[in-house]
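This is what each chain is made of:
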Amino acid sequence: MKKLIIIIILLQSLTAGAQIQTGTHVLSGIFQINTNNSKETNWQNDQTEYKNLNYNISPSYGYYISENVAIGLGVGYSSYDDKTINSSLSNVQFSTENKNYVFNFSPFVRITHPIIEHLYCNLNIYFSYGIGSDESDYTSPSFTIPPITGNQTSMSIGISPGLDYFLNNHFALTFNYANLYYIATTSKPKNPIGPVIITTGNGTTEEISPEYTTSSSGFNFNFGVSSISFGLRYYIHCKEEKK
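Given the structure is predicted, the values throughout are model-derived calculations rather than measurements.

Definitions and limits used
- Residues numbered from 1 in each chain as written.
- Predicted model: local features only at pLDDT ≥ 70, side-chain atom pairs only at ≥ 80, totals over all residues.
- Heavy atoms only, no water.
- Phe/Tyr/Trp six-rings, centres within 6.5 Å; stacked < 30°, edge-to-face > 60°.
- Helix = DSSP H or I, 4+ residues; strand = E, 2+ residues; numbered from the N terminus.
- Buried < 20%, exposed > 50% of the residue type's maximum accessible area, 1.4 Å probe, protein only.
- Core = buried A, V, L, I, M, F, W, Y, C linked by side-chain atoms within 4.5 Å.
- Contact = heavy atoms within 4.5 Å.

A.B. asks: Residues and numbers for the packing of aromatic side chains, please.
C.D. replies: Under the definition given, this model contains nine aromatic pairs. A centroid spacing of 5.3 Å and a plane angle of 65 degrees characterise the contact between Tyr-120 and Phe-166, whose relative ring orientation is edge-to-face. With a gap of 46 residues between them, Tyr-120 in strand E5 (residues 119–140) and Phe-166 in strand E7 (residues 148–166) connect regions that are remote in the sequence. Each member of the pair, Tyr-120 as well as Phe-166, carries the same accessibility label: buried. Measuring from centroid to centroid gives 4.9 Å for Phe-166 and Tyr-235, while their planes differ by 45 degrees, and the two rings are tilted. Taken together, the residues span a long stretch of sequence, with Phe-166 in strand E7 and Tyr-235 in strand E13 (residues 229–236) at a distance of 69 residues. Each of the two residues, Phe-166 as well as Tyr-235, counts as buried.

A.B. asks: With reference to specific residues and values, describe the nonpolar core.
C.D. replies: Within the largest apolar cluster, eight residues are counted, these being Ile-20, Val-26, Tyr-64, Ala-70, Tyr-120, Phe-166, Ala-172 and Tyr-235. Residues contacting Tyr-235, with those up to four places away along its chain left out, are Ile-20, Thr-24, His-25, Val-26, Tyr-64, Asp-164, Phe-166, Asn-169, His-170 and Ala-172.

If you want it as structure tokens, here you go:
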């Protein structure tokens, strides 16, 4: 009988509903890793191999200034490595590799509203500023180009809706399913050199102009399987700490 009472108490504590209050602290984080390898062969039996690896680590901290509104800051580090290898029957190889490393700082405002017991919807409004570096390597027996490195900056602002399901008074599973944002990026080479005409593995020529500063901007909307992400948040309630 005592064992049964203990089990009931534990189950009740695990399923206890959480109430977000003014002064609540919240910790969360994201870890993502993606890798992909593929190979294509054309009718001349020339092969093109693609390899890419990217990952992202982004912890964040928030503080509820009211029962429904939290402000906070996220920091992150992301890495991207993309490599393409072209080879032909004559064993002439041409490869390109692009690497990218970025640190991000992202202040945010999160608006939270309860739907039913344990389940909350939220809207994240964020601004992100990133600084980092990129590197491009071109390799072929027919030419030699030193690695081209550059500085990169990016700024973005966006909104992202999501859901929080509380497992107990402290832990909540997070589910984000869409993202609407505007982003602007600029990349400027550190060691500019003049345009170079190269011959790829399949015999075609290509002009590389690494001295150019490149910039891009635009709106993006992600909705669907590719935009879905899951996470875990830990809530610290100030009233419990005082007891």
